[in-house]
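# Observations on chain architecture
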Amino acid sequence: MISSNKQPKQPIYLDNAATTRCDPRVVEAMLPYFTEFFGNAGSRNHQFGWKAEDGIEVAREQSAKLVGAQPKEIIFTSGSTESNNLAIKGAAEIYARAGAGQTGRGHIVTAAHEHKAVLDPVRRLMREGFDATFIQPPADGVITAAMVAAAIRPDTILVTIMWVNNELGTINEVPEIGRLCHEREIIFHTDATQWVGKMPTNVEADQIDLLSWSGHKIYGPKGVGALYVRRRKPRVRLEALQDGGGQERGMRSGTQNVSGIVGFGKACELCLQSMDSERERLLALRTRLETELVKRLEVTVVNGHPTRRVANISNISFGFVEGESLMMGVREIACSSGSACTSASLEPSYVLKSLGIGDDLAHSSLRLSLGRWTTEADIDASIEMIETAVNHLRRLSPLYDLHKEGIDLSKIVWQSH
Ligand SMILES: *Cc1c(COP(=O)(O)O)cnc(C)c1O
């Protein structure tokens, strides 16, 4: 075989909101739990079981500490999708007002630009007799406590509002929404996948009843996450989704993913250690990215609230370029686009659409999300690549020519022949 020493160059990774590279210190912490400490944490009669259980309990403490909870309040799951499902369906089932199969079982408040892992469980509950309000976000994408207050009804049993939007990075008014829900004795869940590990979190001060987060978004392993379930003031009850061995206080039966949970705990510990310095570093890098792109390229807009955003996510629309060509043009950057591939067509992102952003601008947007291993050189190279790609595509665009001639494209009546 002829070997080539020319490795294909890896793209620059700017998709940390989709997943993160596992921290090597996390991998190191996990390894002994595959081979040496391989026991089932449910085996109470020998040291293999005790060792596994010890590993899980350390991870429970590390996870609880990151969010200001008690270890007993942490339920390990397979990730945020499962945590959201358990929180939303599990709470709805317990706090429902009428019997199964009946209508008028209770009202749920959420927002139109939540993650699918919240929207779809809520939609399923609607088919099972619950009612729901999907708050339309304003143009800046931020859900305020006032918006939630306006959506609450006498029969509201659950509010589920994400802390940070995963496409925009915008920060909703979570502590304020928590306070409002507690005043009205309504259970409050937040999908905090893009917040926890990056920003200080305290479920007591922030008045949260149920909080979901995930390992692979915080430099931990995939397939493991947690749900915080408040135990006092109020004691939140959940109907389990899965029946079996009664692990995780009966809320999540099934042999625990010991190595995964150990890695999750370690990832939580590391985030807590470096949170402030990491946030500062990423904010400087992102500011540079946004400032340069907006300065160099006209008709370029940063989507979502200008300042109420986490430090690592940027969503930018470039006018007068076509979405698919833009993705092709920046294929040396691993990032997400404002389009979602459905079976047949390229659909503009429902999140951007919910903000009132037109289909064209939604298609021609990029979500660039930075992480622990993003360097200044990565950002500088990305700025150059995006600038080149956008300028190239605009040179090919007849609409951009019209725009430059000062013609208002929104006033043109297009003829079809
Ligand atoms: C990634 C993500 C999820 C899904 O998490 P998994 O652990 O992959 O199931 C849910 N909500 C938000 C906001 C996310 O960013």
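Below is a summary of the structure that appears in this document. (Residues numbered from 1 in each chain as written. Predicted model: local features only at pLDDT ≥ 70, side-chain atom pairs only at ≥ 80, totals over all residues. Heavy atoms only, no water.)

## Concerning empty space enclosed by the protein
Scanning all chains against the criterion turns up 1 cavity of 30 Å³ or more. Of the voids in this model, the largest cavity is the one considered here, and its volume is about 130 Å³. Lining the largest cavity are 13 residues, and of these Gly197, Lys198, Glu278, Arg279 and Leu282 sit closest to its centre. Tallied by class, the residues present in the lining of the largest cavity amount to 7 nonpolar, 2 polar and 4 charged. Counting contributing residues per domain, the lining of the largest cavity is built from domain 1 (12-21 + 275-405) and domain 2 (24-271), each supplying no fewer than three. (1 Å grid on protein atoms, 1.4 Å probe; cavity = no way out; pocket = protein on both sides within 12 Å on 5 of 7 lines; lining within 4 Å. Points joined across faces, edges and corners; volume = space filled by probe spheres on them. Nonpolar A, V, L, I, M, F, W, Y, C, P; charged D, E, K, R; others polar. Domains from an automatic or database assignment.)

## Some words on the pairing of strand 7 (residues 210-214)
Each regular strand shows side chains that alternate between the opposite faces of the sheet. Counting buried positions along strand 7 yields 5 of 5 residues, so the element is predominantly enclosed. Of the two faces of strand 7, both are covered, the one formed by Leu210, Ser212 and Ser214 as well as the one formed by Leu211 and Trp213. Relative to strand 8 (residues 225-229), strand 7 is paired through 5 bridges, and the arrangement is antiparallel. Bridging from a neighbouring strand, Leu210 pairs with Val229 of strand 8. (Buried < 20%, exposed > 50% of the residue type's maximum accessible area, 1.4 Å probe, protein only. Helix = DSSP H or I, 4+ residues; strand = E, 2+ residues; numbered from the N terminus. Pairing = 2+ DSSP bridges.)

## A short note on the side chain of Asn84
Its location among the elements puts Asn84 in helix 4 (residues 80-95). Since its relative accessible area comes to 0%, Asn84 is described here as buried. Of note is the side chain of Asn84, whose polar atom sits 3.0 Å from the side chain of Asp191. When near neighbours in sequence (up to four residues on either side) are disregarded, Asn84 contacts Ala117, Val118, His189, Asp191 and Ser212. (Polar contact = N/O pair within 3.5 Å; in protein donor to acceptor, adjacent residues only side chain to side chain. Contact = heavy atoms within 4.5 Å.)

## Considerations on the layout of surface pockets
One simple way to see leftover space: roll a probe sized like a water molecule over the atoms. Considered as a void within the structure, the largest pocket measures approximately 420 Å³ in volume. If you go around the largest pocket, you meet 19 residues; those closest to its centre are Phe320, Val321, Glu322, Asp360 and Leu399. If you list the elements that add at least two residues to the lining of the largest pocket, you get helix 9 (323-329) and helix 11 (359-363).

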